[in-house]
Structure formats: C-alpha cells, structure tokens
Amino acid sequence: MFRQIGPTEILIILGVVLLLFGGKKLPELARGSGKALRIFKTEVKALHDDDDEETKPASLEAVKATDPDKKPEQG
C-alpha cells in the first residue's frame, strides 16, 4: 500500500522546507528542534528513573547503615 520514502522525495521535501523558511532561518530552526528533542529526552528519562526508584530495593549504603552486626568502618 505505502512505499518507503526514497532519495528523490527527501530532496523534494528539503527543497520545499528551504523555500518556506529560507537559508538564514534553517540553522535556527534546526537548533530549536534539537533543543526541544533534548529536553523531551531528559524528561522521559527522568520519568523512567522515577519509576525504577520505586521498584528498586534499598541501596547498599542504606542496608549497611542499618545492619546492627556490622561494625562501623574506621578511616
């Protein structure tokens, strides 16, 4: 039904974008898109990290601190 986009179609799309935004605006447009994607990526990672923290067991340092049989380290 649908075929993949070939090199000709990509060149046509890039040409239309160049005509719409002009050569001076393209770097600014690319920079803004990259910044938005970077922010989105960090937010998604933070959400995954929050989910992982809820399912992880206590950290090793917390277990060592609450272990009554362990002597405190000197140093």
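Because the structure is predicted, anything quoted here is derived from the model rather than measured.

With that out of the way, let us pick up the overall build of the protein. Scanning the protein from terminus to terminus reveals 3 helices and 0 strands. Along its sequence from the N terminus, the protein presents helices and strands in the succession α-α-α. Counting across all 75 residues of the protein, residues that qualify as buried make up 1%. For the protein, the accessible surface area stands at approximately 7,600 Å², while carbon and sulfur atoms represent 63% of it.

Here the focus is the pattern of salt bridges. Overall, the coordinates contain 1 salt bridge when judged by the stated rule. Arg3 is the salt-bridge partner of Glu9, the closest N and O atoms lying 2.7 Å from each other. Residue Glu9 is classed as partly exposed on the basis of its relative accessible area, which comes to 28%. The exposure class of Arg3 is exposed, given its relative accessible area of 66%.

Scoring rules and cut-offs
Residues numbered from 1 in each chain as written. Predicted model: local features only at pLDDT ≥ 70, side-chain atom pairs only at ≥ 80, totals over all residues. Heavy atoms only, no water. Helix = DSSP H or I, 4+ residues; strand = E, 2+ residues; numbered from the N terminus. Buried < 20%, exposed > 50% of the residue type's maximum accessible area, 1.4 Å probe, protein only. Areas by Shrake-Rupley, 256 points an atom, 1.4 Å probe, with all protein chains shown as cover. Salt bridge = Lys/Arg side-chain N within 4 Å of Asp/Glu carboxyl O.

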